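A structural walkthrough
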Amino acid sequence: MSDEPPALRLAGTIRAGRTGLTDRFATLEGLTAWVREQDLSPYLDTAAFTADEAVRAQVVELRQAVRALFARLVAPAPPSRADADALPPFDQALALLNRAASPVLRQLRWQDEPREEFTPTVDGTAARLTAALADAAIGFFTDPIADQVRVCPAPRCVLYFVKRHPRQEWCSIACGNRARAARHYHQHHR
């Protein structure tokens, strides 16, 4: 499992490759594998998760809402080129995220010290999964780290990333190399 926040992992399930965009949620197997890689306790036992088409459709819709919120977060910079034209409007994305998170009860527990506890108040794999992902997104967007979110400007990259160092410009070393190579090519082959 990646050390990226769950909201970034969800948004990053769309990637660019040499042949175009790839979507980890394009198949039931892809969604099943991705969810099993996540830690979504106490909402869902991810080891026992198997996607069906209804769950896949709900998670894809939630992912698009989260990507729309990322696009708003990085504004006035341009959003990711992956799906900017296919994202729901901001108000619809926000409503969808909040609706998905609503079947969660947040409570304060106090044993030796105070801690928050999130408990799903509904049954059903789809509701629990989307509630877990929506809650993680809400936590991410309200965390100060959200101010550091950027869109990777490298050619063919469509990812959002957290700028963890003042000189960081790209989401990965590979994207930085690709951007420098493209810049060099354009400077010397005009």
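You'll find the structure just up there.
These remarks concern the structure in this document. Sequence order as written defines residue numbering, which begins from 1 separately in each chain. Residues qualify for local features only when their pLDDT is at least 70, as the model is predicted, and side-chain atom pairs are given and counted only at 80 or more; totals for whole chains, interfaces and linings, by contrast, use all residues. Side-chain calculation: all heavy atoms of the structure are included, whereas hydrogens and water are not.

Regarding the overall build of the chain
- Numbering of helices and strands runs from the N terminus, with a helix taken as a DSSP run of H or I at least four residues long and a strand as a DSSP run of E at least two residues long. Across its full length, the chain carries 6 helices and 6 strands.
- Ordered by position from the N terminus, the helices and strands of the chain form the series α-β-β-α-α-α-β-β-α-β-β-α.
- The size measure is the radius of gyration over C-alpha atoms, and the globule rule it meets is 2.2 Å times the number of residues to the 0.38 power. For 190 residues, the compact-globule estimate of 2.2 N^0.38 gives 16 Å, and the C-alpha radius of gyration of the chain, at 18 Å, lies within 12% of that figure.
- Structurally, the chain occupies a C-alpha span of about 65 × 40 × 30 Å along its principal axes.
- Here the chain holds 190 residues, and the buried ones make up 39% of them.
- A 1.4 Å probe and the Shrake-Rupley method give the accessible areas. Residues count as covered only by the protein chains that appear here. Per element, the accessible surface of the chain, about 11,000 Å² overall, is 52% carbon and sulfur.
- When charges are counted, Lys and Arg are positive and Asp and Glu negative, with His and the chain ends excluded. Charge coordinates come from a single atom per side chain, which is NZ of Lys, CZ of Arg, CG of Asp or CD of Glu. Mean positive and mean negative side-chain charge positions of the chain (24 and 22 charges, respectively) differ by 11 Å. Partly exposed describes any residue whose relative accessible area lies between the buried limit of under 20% and the exposed limit of over 50%, with all areas from a 1.4 Å probe on protein chains only and scaled to the type maximum.

Let's talk about the side chain of Ser80
- Summarising the element assignment, Ser80 is placed in the loop between helix H3 (53-74) and helix H4 (90-101).
- With a relative accessible area of 0%, Ser80 lands in the buried category.
- In this view, Ser80 contacts Arg67, Val151, Val158 and Tyr160; residues no more than four positions away in its chain are not counted. In this description, contact between two residues means that some pair of their heavy atoms is separated by no more than 4.5 Å.

Here's the deal with the pattern of salt bridges
- Any carboxyl oxygen of Asp or Glu that lies within 4 Å of a side-chain nitrogen of Lys or Arg is treated as forming a salt bridge with it. Tallied over the full model, the rule gives 4 salt bridges.
- For Arg63, the salt bridge identified is with Asp23, shortest N-O distance 2.7 Å. Highlighted residues: Arg63 in helix H3 and Asp23 in strand E2 (residues 20-23), separated in sequence by 40 residues.
- Under the relative-accessibility criterion, Asp23 is labelled partly exposed at 29%.

Considerations on the state of the cysteines
- Pairs of cysteine sulfur atoms within 2.5 Å are what we label disulfides. Scanning the model with the defined rule gives 0 disulfides in all.
- With no disulfide partner, Cys152 has as its closest neighbouring cysteine sulfur the one in Cys157, 3.7 Å distant.
- In this model Cys171 remains outside any disulfide bridge; the closest cysteine sulfur is found in Cys175, 3.6 Å from its own.

Description of the packing of aromatic side chains
- Aromatic contacts are taken between Phe, Tyr and Trp rings whose centres are within 6.5 Å, Trp giving its six-membered ring; a plane angle under 30 degrees counts as stacked, one over 60 as edge-to-face, and the others as tilted. Summed over all chains, the structure comprises 5 aromatic pairs.
- Where Phe25 meets Trp34, the ring centres are 5.2 Å apart and the plane angle is 75 degrees; that geometry is what we call edge-to-face. We note that Phe25, like Trp34, is buried.
- With 5.1 Å between their ring centres and 25 degrees between their planes, Phe70 and Tyr160 make a pair best called stacked. One end of the pair, Phe70, is in helix H3; the other, Tyr160, is in strand E6 (residues 160-162), and 90 residues separate them in sequence. Each member of the pair, Phe70 as well as Tyr160, carries the same accessibility label: buried.
- Through pairs of rings, three or more aromatic residues link up here, namely Phe70, Phe140, Phe141 and Tyr160.

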